[in-house]
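Secondary and tertiary structure notes
For reference, the chains in residue letters:
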Amino acid sequence: MSALVWFRRDLRVNDHPALSAALQAHDDIVPVFCLDDRLLHGRHASGPRTQFLLQSLADLAASLRARGSGLVVCHGPPERELVALARAVEARAVHFSADVSPFARSRGERVRAAFGAGGPELVAHPGLNAIDDVGGLKTQAGGPYTVFSPFHRAWEKAPRRDLLRAPDELPALPRSAKVGVVPALAELGLTQEVDEPPPGGESAGRACLGRFLAAAVDDYGAGRDVPARHGTSGLSPYLHLGCVSAGEVESSLGPAADPQAFRRQLCWRDFYHHVLFHFPGNATSEFQQRYRGKISWSRAHGLFAAWCDGLTGYPLVDAGMRQLRREGWMHNRVRMVVGSFLTKDLGIDWRWGERHFMRLLVDGDQASNNGNWQWIASVGTDPQPVYRRILSPTRQMATHDPDGAYVRRYVPELKRVPDAHLSEPWTMSAETQREAGCVIGVDYPAPIVNHAQARQQALERYRVV
Ligand SMILES: Cc1cc2nc3c(=O)[nH]c(=O)nc-3n(C[C@H](O)[C@H](O)[C@H](O)COP(=O)(O)OP(=O)(O)OC[C@H]3O[C@@H](n4cnc5c(N)ncnc54)[C@H](O)[C@@H]3O)c2cc1C
């Protein structure tokens, strides 16, 4: 009896419950991935993230080949491709890792319907999150969580399953399975928009985890908010595509000085997956009903373009937006600062920021991106008064990048600006500007808004509710 193992965003062989279960229950297994145009060219299309995906598929295919099997790569909707493949190899079951996003869930249902009664059995497995049943945690009242702290307490107590070793050997693919090839990005009609993306794949993900455990994890609590340091794990793209399992990451922390601070971040990921699972409507509208359609967001395209291009005149905001363009990734603290700047200082709809992030982020994850954008726009779960989430871009820089090492790395025009003026370069005298080779309005923009005034306007904007 044979079974398909339908890979989606679980592109690894280590700690893979669906792969292990299929191997136990069936003599032959056929690993398969479907390139689906509805995702590749949909609302959250992304050249950088697709490039990361293609590298991850190539790495997975190599791992499977090394174990005697291979990866069947199809191009088309899984409800068509999986049905054809299952028929060709006479599969009796399809094993896959359960997902939380509305699209993934409805796609799974379409596959189930396409197989119909009497077709192969569809078997969902855990593996996406640090805990197995992320949607199943319930408040005392029996409902889903909408506030992080109580979710965190319940998450801490949730059981963890034992990790699964990668199989040493796999059965060979049946002759009737056509392997296909991992295409190049251009063949999919997409372009790589970032210059220095991280490499995709389980091998790269495991190396990234190894580096973090060897160097930064002990100092994570102190280093995680300093964007100039490589104080965070950099694991987000690998977690997003499942190149490393969140369970393995959590269990490998060992006796680090402050593993709690790091585990808490893994819990934020699971929290937003829990939220999207229970509130799929969040994908398009505010979680807080009172704000839906009520805030008059600005449609200032010029200001939005300045934000996207890292030309706002606020060094920390500009450094973050240029890091995104260069690496397809941005430090968490700076994501918060640029998110606050877009939604509060510029008064632009959080959905515009969410979309731009999804275009460029290699870790772009619908649940985490949407949850964090709603959080920083003060319209989502885990609510706080609006003023608490209006971040001053200059004070944030003074606190988190006091010597300007991060800003100078990404905004070369500011390299020679003296420390005393770096967070507010427009305060330099004309002479200092000439000496620093940074004339405001010529080499680097004057601030596109006045933060103090913009803050007042933001409070007014939210007060309408
Ligand atoms: C506006 C905005 C948008 C964001 N969009 C995304 C996104 O699309 N995808 C994404 O993975 N993260 C997103 N984040 C969360 C966070 O910025 C990234 O997860 C983090 O910067 C990734 O770097 P790291 O792997 O070094 O993180 P670490 O600090 O090493 O954390 C370890 C892991 O915990 C998870 N994590 C950490 N912080 C958060 C958080 N606030 N929310 C959810 N999970 C978290 C990530 O999976 C991360 O890899 C966003 C944050 C903001 C403010």
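Residues numbered from 1 in each chain as written. Predicted model: local features only at pLDDT ≥ 70, side-chain atom pairs only at ≥ 80, totals over all residues. Heavy atoms only, no water.

1. Overview of the sheet that holds strand 4 (residues 91-97)
Taking strand neighbours across the sheet as the criterion, the five strands line up as 3-2-1-4-5 in an open arrangement whose pairing is parallel. The sheet terminates laterally at strand 3 (72-75) and strand 5 (121-125), the two strands that pair on one side only. Taken pair by pair, the neighbouring strands of this sheet meet at an average axis angle of 30 degrees, ignoring direction. Relative to strand 5, strand 4 runs parallel, the two sharing five bridges. Of the residues in strand 5, the one forming a bridge with S97 is H125. Strand contacts of helix 3 (residues 47-66): strand 1 (2-7) and strand 2 (28-35), with the helix running at about 170 degrees to strand 2, the strand carrying the most contacts. (Pairing = 2+ DSSP bridges. Helix = DSSP H or I, 4+ residues; strand = E, 2+ residues; numbered from the N terminus. Axes fitted to C-alpha atoms, helices over the stretch in contact; angles between N-to-C directions. Contact = heavy atoms within 4.5 Å.)

2. Description of the site of the ligand
If you check the shell around the ligand, you find 27 residues, and the closest are Y220, T232, S233, G234 and N332. Interatomic distance of 3.0 Å between a side-chain N/O atom of Q265 and a nitrogen atom of the ligand. One of the backbone nitrogen or oxygen atoms of R269 is found 3.4 Å away from a nitrogen atom of the ligand. Of all the secondary structure elements, the ones that give two or more residues to the shell around the ligand are helix 9 (236-240), helix 11 (259-278), helix 14 (332-345) and helix 16 (366-376). The biggest single contributor to the shell around the ligand is helix 11, with six residues. Looking at the shell around the ligand residue by residue, the classes come out as 13 nonpolar, 10 polar and four charged. Looking at the shell around the ligand, you find at least three residues from each of domain 2 (129-160 + 201-278) and domain 3 (289-464). (Near = heavy atom within 4 Å. Polar contact = N/O pair within 3.5 Å; in protein donor to acceptor, adjacent residues only side chain to side chain. Nonpolar A, V, L, I, M, F, W, Y, C, P; charged D, E, K, R; others polar. Domains from an automatic or database assignment.)

3. Brief notes about the pattern of salt bridges
Applying the stated rule across the entire model yields 26 salt bridges. Put simply, R80 and E81 hold a salt bridge, and the shortest N to O gap is 2.7 Å. The residue E286 makes a salt bridge to R351 at a minimum N-O spacing of 2.9 Å. With E286 in the loop between helix 11 and helix 12 (301-309) and R351 in helix 15 (residues 350-360), this residue pair connects regions lying 65 residues apart in the sequence. Using a relative accessible area of 22% as the deciding quantity, one classes R351 as partly exposed. Beyond isolated ion pairs, a larger network of salt bridges with shared partners links D36, R38, E79, R107 and R110. (Salt bridge = Lys/Arg side-chain N within 4 Å of Asp/Glu carboxyl O. Buried < 20%, exposed > 50% of the residue type's maximum accessible area, 1.4 Å probe, protein only.)

4. Side note on the packing of aromatic side chains
As enumerated under the stated definition, the model contains 23 aromatic pairs in all. Pairwise contacts between aromatic rings join Y145, F148, F151, W268, F271 and Y272 into one cluster. Sitting over the ring of W6, R8 keeps its end group 4.6 Å from the ring centre. (Phe/Tyr/Trp six-rings, centres within 6.5 Å; stacked < 30°, edge-to-face > 60°. Lys NZ or Arg CZ within 6 Å of the ring centre and 35° of its normal.)

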